[in-house]
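Coordinate analysis (summary)
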Amino acid sequence: MVQSYNLISADNGVQPNYDVSGKDIYLTIYVSPIEEVCILANVDSNYCCWCSLTSVTDKETNARIFDYILNLGENRSYSSEPKALGHRYQEVKNWHSFTVRKEWFKDHYRYRSTVSNCFIGAPSSTSANGRFLASEIQTFLHRELEKCKFRLLDDGYPSVLLRYKTILLKENSPDYYHLMLPLIDILRNESYLKLSSNEEVRQIYLECLARSSALYNIYMNAAR
């Protein structure tokens, strides 16, 4: 049964401390460098109602999971991402990802994938929605790996990332975050590097992202 893939259980489930009934879900699909897939269905930043780990190549299972989620209705169990993923939480959050959210299209809200910028039909109308989203995972992986390939044609790019890291570490002041925003934007736009087969590149890139987050926290603490 497809429900068996859901990592949310009685052991890690939570009771939301505010009303989340009737809230639309959105999907975040994470993909790892070794082609693992984490499918998350969230109602907001605090609560998720689905969390599963599969593989990119398991297209049939992924399609069934998507169909199940899209037809879930109010029959939901809730948890948080850290609880549902347990010791793998930080690992998964470092994977590359894309989202599927409801947006207004023509006469009503439909789910849109950011991979192909396509809208899918009504959840209950056809199982084609699940197959389409499962294929989006494969399209996403192929497209982002191609970006990695071209970015790393220059063997010197790891040195560029190290230089970025050095610059980000130069100061700890709140104002430095604003000064670094152009560089932080560059790094965010290169998130496909999370899929690189070059472990050194992935590690340095993630360290740059972590430092960017630290600078943001310094800024926000000062703003409070």
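A word on the pairing of strand β2 (residues 36-42)
Remark: a regular strand shows side chains that alternate across the two faces of the sheet. β2 sits mainly inside the fold: seven of its seven residues count as buried. Where strand β1 (residues 26-31) meets β2, six bridges bridge the pair, whose relative direction is antiparallel. Paired with V31 across the strands is V37, a residue of β2. Connecting the antiparallel pair β1 and β2 is a turn made up of four residues, with E35 showing a positive phi of about 70 degrees. Here β2 runs beside strand β3 (residues 48-55); their pairing, made up of seven bridges, is antiparallel.

Side note on the packing of aromatic side chains
The full count for this structure, using the stated rule, is seven aromatic pairs. Judged by centre distance (4.2 Å) and plane angle (15 degrees), the rings of F105 and F119 are stacked. Taken together, the positions of F105 in strand β4 (residues 96-105) and F119 in strand β6 (residues 118-119) put the pair 14 residues apart, joining distant regions of the chain. Exposure remark for F105: the relative accessible area of 28% places this residue in the partly exposed category. Ring centres of Y177 and Y219 lie 5.4 Å apart, and the angle between their planes is 25 degrees; on these two criteria the pair is classed as stacked. Within this pair, whereas Y177 is found in helix α6 (residues 174-179), its partner Y219 is found in helix α8 (residues 199-223), the two being separated by 42 residues in sequence. An aromatic cluster is built from Y177, Y216 and Y219, whose rings are joined through pairwise contacts. Positioned above the aromatic ring of Y26, the side-chain terminus of R101 is 4.1 Å from the ring centre.

Quick word on unusual backbone geometry
A positive phi angle is found at E35, which is not glycine, with a value near 70 degrees. Looking at the secondary structure, you find E35 in the loop between β1 and β2. E35 sits in the partly exposed class, given a relative accessible area of 31%. Backbone geometry at N117 places phi at a positive 60 degrees, although glycine is not the residue there. By secondary structure assignment, the location of N117 is in the loop between β5 (108-113) and β6.

Basis of the calculations
- Residues numbered from 1 in each chain as written.
- Predicted model: local features only at pLDDT ≥ 70, side-chain atom pairs only at ≥ 80, totals over all residues.
- Heavy atoms only, no water.
- Buried < 20%, exposed > 50% of the residue type's maximum accessible area, 1.4 Å probe, protein only.
- Helix = DSSP H or I, 4+ residues; strand = E, 2+ residues; numbered from the N terminus.
- Pairing = 2+ DSSP bridges.
- Phe/Tyr/Trp six-rings, centres within 6.5 Å; stacked < 30°, edge-to-face > 60°.
- Lys NZ or Arg CZ within 6 Å of the ring centre and 35° of its normal.

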